[in-house]
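Chain residues, written in single-letter form:
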Amino acid sequence: MSFLDFPAQLPENRTPRAVIFGAGHGSTYPGKDSSGYTGAADAIRAASQEDAGLVGNWDFDLGGPLFEDQPVCCTDIGNIDTRLHDNAGNRARIEAQTRSILALPAVPILLGGDDSLPIPFLAAFADQGPLWVLQIDAHIDWRDEVDGERYGYSSPMRRISEMPHVAGLVQVGLRAVGSAGKNEIEAAQTYGSRFVTAREVHAEGISAALKHIPQGARCVVTLDCDGLDPAIMPGVAARTPGGLTYTQVIDLIAGLGRRARIVGFDLVEFYPPNDIDGLSALTASRLLVNAVGAIVRQ
């Protein structure tokens, strides 16, 4: 089963606009088990089947059909082989797969998996800079290390900030106590990360975030599912009230596609064991439809 029944390869040797792939494991902390995330990509694919036969229909979220009456131009190549606690190996495989998609050239779309996956995903763009990164998340993810592991799910934005090809970070949806102490906040602010809380988006709209992205910038979106409110995204490990709405997130994605150029997209931290009646999988599937639509339209 593939997302929206996308083929694994386009006919006539056509180059896809975007390529979807999944990865179950990233860099898991010592003594922890991240296996609950391994079914995330396939759950999203299964949820997408409701729309699979309707991609030519008018989509009111997008203001037209997904591909604007053009032939299907995206592929889904399935999941790469990742293994629990093979942290360095998982990072190498995720980075290599992302690089191979960029070389086509096409826009890589990664379905995870916990929030350690954006580190190797962004590392693959080393010769694609300068890039801006738009993170949608409840947390700033700026821990330097946890139990000796520097590449786990509490550290992706700190590691990404250290990459020379990343020009700037905008972090949207932040709320509650988060995952940061004073030291992490100060480190992120010293770097120059732009914080946009969920309350700011609720009060001011998506412009509170988009205004920080330079016009015409090349941008990678990293979407942690707990950036959304748990009322519509309960299938996360850290449910936090007050998150972004579905409409705010799809408007943010569409607005970014008009303001900048989306060159990569990952969706992580969907945790199927905590989902309720498939609601999170359906929401994630629709978010991904909107991301594909934004990429096709840019």
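Not measured: the values here are computed from a predicted model.

1. Focus on the overall build of the protein chain
Then step 1. Each helix and strand in the protein chain was counted, giving 10 helices and eight strands.
Then step 2. For 298 residues, the compact-globule formula gives about 19 Å, and the C-alpha radius of gyration of the protein chain, at 17 Å, lands near that figure.
Then step 3. Counting only C-alpha atoms and orienting by the principal axes, one finds that the protein chain spans roughly 50 × 45 × 40 Å.
Then step 4. For the protein chain, the accessible surface area stands at approximately 11700 Å², while carbon and sulfur atoms represent 51% of it.
Then step 5. On the protein chain, the mean spot of the 24 positive side-chain charges and the mean spot of the 36 negative ones are 6 Å from each other.

2. Observations concerning the nonpolar core
Then step 1. One finds Ile109, Val172, Leu223, Leu256, Phe265 and Leu288 to be the most contacted residues of the largest nonpolar core, which totals 59 residues.
Then step 2. Among the elements that make up this core, the one with the highest residue count is helix α10 (residues 279-297) (10 residues).
Then step 3. Apart from the residues within four sequence positions on either side, Leu288 is in contact with Phe3, Ile20, Ile44, Ile109, Leu111 and Phe265.
Then step 4. Phe21, Ile119, Ala123 and Trp142 belong to the second largest nonpolar core, which has 29 residues in total.

3. Examining the pairing of strand β4 (residues 131-136)
Then step 1. Most of β4 is tucked away: six of the six residues are buried.
Then step 2. A two-sided burial pattern is seen for β4, the buried positions comprising Leu131, Val133 and Gln135 on one face and Trp132, Leu134 and Ile136 on the other.
Then step 3. Here β4 runs beside strand β5 (residues 166-174); their pairing, made up of six bridges, is parallel. For Ile136, the partnering residue across the bridge sits in β5 and is Val172.
Then step 4. Two strands pair when backbone bridges link them, and β4 and strand β7 (residues 218-224) are joined in this way by five bridges, in the parallel orientation. Across the sheet, the residue bridging to Ile136 is Leu223, located in β7.

Analysis parameters
- Residues numbered from 1 in each chain as written.
- Predicted model: local features only at pLDDT ≥ 70, side-chain atom pairs only at ≥ 80, totals over all residues.
- Heavy atoms only, no water.
- Helix = DSSP H or I, 4+ residues; strand = E, 2+ residues; numbered from the N terminus.
- Rg over C-alpha atoms; globule rule 2.2 N^0.38 Å.
- Areas by Shrake-Rupley, 256 points an atom, 1.4 Å probe, with all protein chains shown as cover.
- Lys, Arg positive; Asp, Glu negative; His and termini not counted.
- Charge placed at Lys NZ, Arg CZ, Asp CG, Glu CD.
- Core = buried A, V, L, I, M, F, W, Y, C linked by side-chain atoms within 4.5 Å.
- Buried < 20%, exposed > 50% of the residue type's maximum accessible area, 1.4 Å probe, protein only.
- Contact = heavy atoms within 4.5 Å.
- Pairing = 2+ DSSP bridges.

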